[in-house]
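# Architecture at a glance
Here are the chains, one letter per residue:
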Amino acid sequence: MDYNVIAGNILKNVGGAQNVADVTHCFTRLRFVLKNRELANKEIVEKLEGVIQVVEANGQFQVVIGTKVDKVYEAILPMVNREKGNEIKADKGSLGNRILQTISKIFTPLVPAIAASGLIKGLLSVAIRLGWISDTNSTYILLNTASNIIFYYMPIFLAYTSAKALKCSKINAMVLGAFLCHPVIDALIQDVSTVNTIFGLPVIKKAFTIGEATKVFSYTESVIPIILAVIVLHYLEKFLKKWIPDMLEIILVPGLSLIIMVPVLLVVVGPVGIYVGYAIQWLYQALYSFSPILGGTIVGGLWSVFVIFGAHRALLPIGLNDVAITGTNTLMCFAGSANFAQAGASLGVMLKTKDKDLKQIAMAATIPAFLVGITEPAIYGCNLRLKKPMFCAVIAGAIGGAIMGLGNAVNTGFANNGILTIMTYYGEGTALYQFLAYLIGILVAFLGAAILTYFVGFEDMEKKAESEESIKIEKGSIRITSPVEGEAIKLEDVKDEVFSSEAMGKGVAVMPTTGEVLAPEDCTVSVIFPTKHAIGLTLDSGIELLIHIGMNTVDLNGKFFEQHVQAGMHVTKGTKIVSFDKEAIEKAGYDVTVPVVVSNSNLFKSIETISNGHVDENIEVICVEIK
């Protein structure tokens, strides 16, 4: 596998380096923020070597690679043109999408280190419980310290990733994070009996009562305060750079930033972050206490759905914040039920399918999900593609999560869910019954999903696949009626070379007199472009039609168009698919000619236009002769 070739092919088909506003990666995906989504060809990218699936979510074009994603990322990074002079302003997307993207950028880089910490904690827990080592042994002390580093110094690591995400000084941000973790500051904050000030302003300290215990807040291991601090730093640096001369910027910007940020951090931002963190923890615990079984059912069932959209990253702060405040978390337990359910479903696919390629894909997807909780290959490689296994995994994950909630299962760290990290769920202070609840939950999720998938079944890839070589269409000829009412013209007369040259396929064009596109035959709606100006239909006969409303109408971004059906729906002849305001489009200066082309023209002996003049849904316009 040549990662440079894979990277080059992906980059080419997302619109080239000039179309990439940003690219990051997580465990299994390349996450592109594109300047112009229309330049990316999702269908081609999905067929490239090394690509499992393409997902569009949260304003990102996500290319699922699998566990080798870091190698593809390293290969693609030098290819991306980052010269500021060549940049085009990217579409920012909705506020919600931007927030999710930023959260993902902040927390995703930390996940491998957190997972490594969980693995070490799990191995140490096994060694302690089997009597192989004591907690006073120097090896144990050193390794346990290593596993705690990512949590104890969390403000420093979050400062770096937050500054990178927000595009401000990473070093200055890390200094602020280190300031919060410094032993002098930690001791000062925890000494609630002494009043301290900075520039005459009181340093805020607080003790919280959690259950029967009293906890003095500390910035070590905290999550929210440093993120808020970096947000303030981002705007402060922009303000200072605007007014400070370039020749003094290198000294005054970082110097003044720290002088201003230290009191802001201790007096305002830090305390606010702590209160927000405790509020989040209180809310989560209140919901969990209302019904642990319901909480386990919801998270265990829907976690994998969150993964599909990348929204699970937005939940990570809740779990990390819980660990920082209480030393345990339940979120990752319930997520574990979902992860093992995905592994079980892909195992069920492997056992059930008769397709050799799918069997290999399912086997390769089961292993990382089962061992270390990396589920994207299972989700995108087989379960989501086949649909029914995904539903089976959701059901089994919900049941497993409910069992965990019933037994009050907890995680003493923040580890990915897999066999290799299973002992982090039996850490110090965890009761045996809680650990057994976790074990029974993942066992039910794993075996339940496998058994459900096997007996519920799915449409096997061997039967489902329809390639150019295997497509079956009865011999003879097929006549297709016009999907649009108007005046039929030859395709070669269309004022767009892409269509007039028949590069998109052979067919006909219609000068519309009404603003409706109707299904010309019983068919499946393969795709409706987001801007609603282009439609792909697969007729029941196997013929694929592309209907393109107007020339360059993509620039209208859906304005003057209304969609009446959804992609994937099977519709009957005459069903209204899209309507459009013909007069408004023409008034905006666009040609409304509608090309209707057979996009799989190469499969047929001939394609002829059989009508000129006025046409409508009852008049045949294209004759397709089968080879």
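About the cut-offs
Residues numbered from 1 in each chain as written. Predicted model: local features only at pLDDT ≥ 70, side-chain atom pairs only at ≥ 80, totals over all residues. Heavy atoms only, no water. Buried < 20%, exposed > 50% of the residue type's maximum accessible area, 1.4 Å probe, protein only. Helix = DSSP H or I, 4+ residues; strand = E, 2+ residues; numbered from the N terminus. Pairing = 2+ DSSP bridges. Expected span 1.5 Å × (residues − 1). Bend = angle between axes of the 7 residues up to and from the residue. Polar contact = N/O pair within 3.5 Å; in protein donor to acceptor, adjacent residues only side chain to side chain. Axes fitted to C-alpha atoms, helices over the stretch in contact; angles between N-to-C directions. Contact = heavy atoms within 4.5 Å. Salt bridge = Lys/Arg side-chain N within 4 Å of Asp/Glu carboxyl O. Parallel < 35°, antiparallel > 145°, perpendicular 65-115°, else oblique. Left-handed = near helix turned anticlockwise from the far one by under 90°. Nonpolar A, V, L, I, M, F, W, Y, C, P; charged D, E, K, R; others polar. Patch = residues over 30% accessible without salt bridge, like charges linked within 9 Å, V, L, I, M, F, W, Y side chains within 5 Å. Areas by Shrake-Rupley, 256 points an atom, 1.4 Å probe, with all protein chains shown as cover.

Turning next to the pairing of strand 15 (residues 544-548). Strand 15 sits mainly inside the fold: four of its five residues count as buried. When strand 14 (residues 534-539) meets strand 15, the two strands line up antiparallel, connected through five bridges. Its bridge partner lying in strand 15, Gly-536 is registered against Leu-546. Joining the antiparallel neighbours strand 14 and strand 15 is a turn of four residues, in which Gly-542 adopts a positive phi near 100°. The pairing of strand 15 with strand 19 (residues 594-598) spans three bridges and is antiparallel. Looking at the pairing, Leu-546 lines up with Val-597 of strand 19.

Okay, helix 6 (residues 138-152) next. Between its first and last C-alpha atoms helix 6 spans 20 Å; for 15 residues at 1.5 Å apiece the expected length is 21 Å, and the two agree. Of all the bends found along helix 6, the most pronounced is centred on Ala-146 and spans about 25°. Every buried residue of helix 6 is accounted for by Tyr-140, Ser-147, Ile-150 and Phe-151. Capping the start of helix 6, Asn-137 holds a side-chain oxygen 2.7 Å from the backbone nitrogen of Thr-139, two or three residues further along.

This part covers the sheet that holds strand 2 (residues 29-34). Reading across the sheet, the four strands line up as 1-2-4-3 and stay open at both edges, with antiparallel pairing between neighbours. At either margin of the open sheet sits one strand with a lone partner, and together these are strand 1 (20-25) and strand 3 (53-57). The mean inter-strand angle of the sheet, taken between neighbouring strand axes irrespective of direction, is 20°. Bridge count for strand 3 against strand 4 (residues 60-64) is five bridges, and the pairing is antiparallel. Pairing of Val-55 across the sheet is with Gln-62, part of strand 4. Helix 3 (residues 69-76) rests against strand 1 and strand 2 of the sheet, and its axis sits at about 40° to strand 2.

Now for the pattern of salt bridges. Any two side chains of opposite charge can pair, given that their charged atoms come close. If you walk through the whole model with that rule in mind, you get five salt bridges. Between Arg-37 and Glu-56 there is a salt bridge; the shortest N-O distance is 2.4 Å. Linking Arg-37 in the loop between strand 2 and helix 2 (42-47) with Glu-56 in strand 3, this pair joins segments that are 19 residues apart in sequence. You can call Arg-37 partly exposed: its relative accessible area is 29%. In this structure, Lys-582 and Glu-586 form a salt bridge, with 3.3 Å as the shortest nitrogen-oxygen distance. You can see Lys-582 and its partner Glu-586 sitting in helix 21 (residues 582-587), four residues apart, about one turn around the helix. When its relative accessible area of 36% is taken as the criterion, Glu-586 is described as partly exposed.

For helix 8 (residues 170-181), which comprises twelve residues, the first-to-last C-alpha distance of 17 Å matches the rise-based estimate of 16 Å (1.5 Å per residue) to within 8%. If you check which residues of helix 8 are buried, you get Asn-172, Ala-173, Leu-176, Gly-177, Leu-180 and Cys-181. The inward-facing, buried residues of helix 8 abut helix 6, helix 7 (154-166), helix 9 (183-190), helix 10 (224-243) and helix 11 (246-290). In this structure Ser-169 caps helix 8, since a side-chain oxygen of it lies 3.2 Å from the backbone nitrogen of Asn-172.

The next subject is the sheet that holds strand 21 (residues 613-615). Taking strand neighbours across the sheet as the criterion, the eight strands line up as 17-13-14-15-19-11-10-21 in an open arrangement whose pairing is antiparallel. Every other strand in the sheet has two partners, leaving strand 17 (570-571) and strand 21 as the edge strands with one partner each. For strand 10 (residues 486-490) and strand 21, the ladder comprises three bridges, and the chain directions are antiparallel. Counted as the bridge partner of Gly-486 is Val-615 from strand 21.

Moving on, we come to the environment of Thr-108. Note on placement: Thr-108 falls in the loop between helix 4 (95-107) and helix 5 (111-129). Taking the C-alpha atoms as reference, Thr-108 lies 9.3 Å from Thr-24; in sequence the two are 84 residues apart.

Here we come to the packing of helix 7 against helix 8. At their nearest, the axes of helix 7 and helix 8 sit 8 Å apart, and the two run at 155° to each other. Classified by the angle their axes make, helix 7 and helix 8 are roughly antiparallel. At the point where helix 7 passes helix 8, the crossing takes the right-handed sense. Residues Pro-155, Ile-156, Ala-159, Tyr-160, Ala-163 and Lys-164 of helix 7 form the contact with helix 8, whose participating residues are Lys-170, Ala-173, Met-174, Gly-177, Ala-178, Leu-180 and Cys-181. The class makeup of the residues in the contact of helix 7 with helix 8 is ten nonpolar, one polar and two charged.

Okay, a nonpolar patch on the surface next. A cluster of nonpolar side chains, Phe-199, Met-247, Leu-248, Ile-250, Ile-251, Leu-252, Leu-256, Ile-259 and Ile-260, forms an exposed patch at the surface whose accessible area comes to about 970 Å². Here Ile-260 shows up in helix 11. You can call Ile-260 partly exposed: its relative accessible area is 35%.

Moving on to unusual backbone geometry. Of note in this structure, Lys-167 is not a glycine but carries a positive phi near 60°. Assignment of secondary structure puts Lys-167 in the loop between helix 7 and helix 8. The exposure class assigned to Lys-167 is exposed, which follows from its relative accessible area of 66%. At Asn-557, a residue that is not glycine, the phi angle is positive and equals roughly 55°. Position of Asn-557 among the secondary structure elements: in the loop between strand 15 and strand 16 (561-563).

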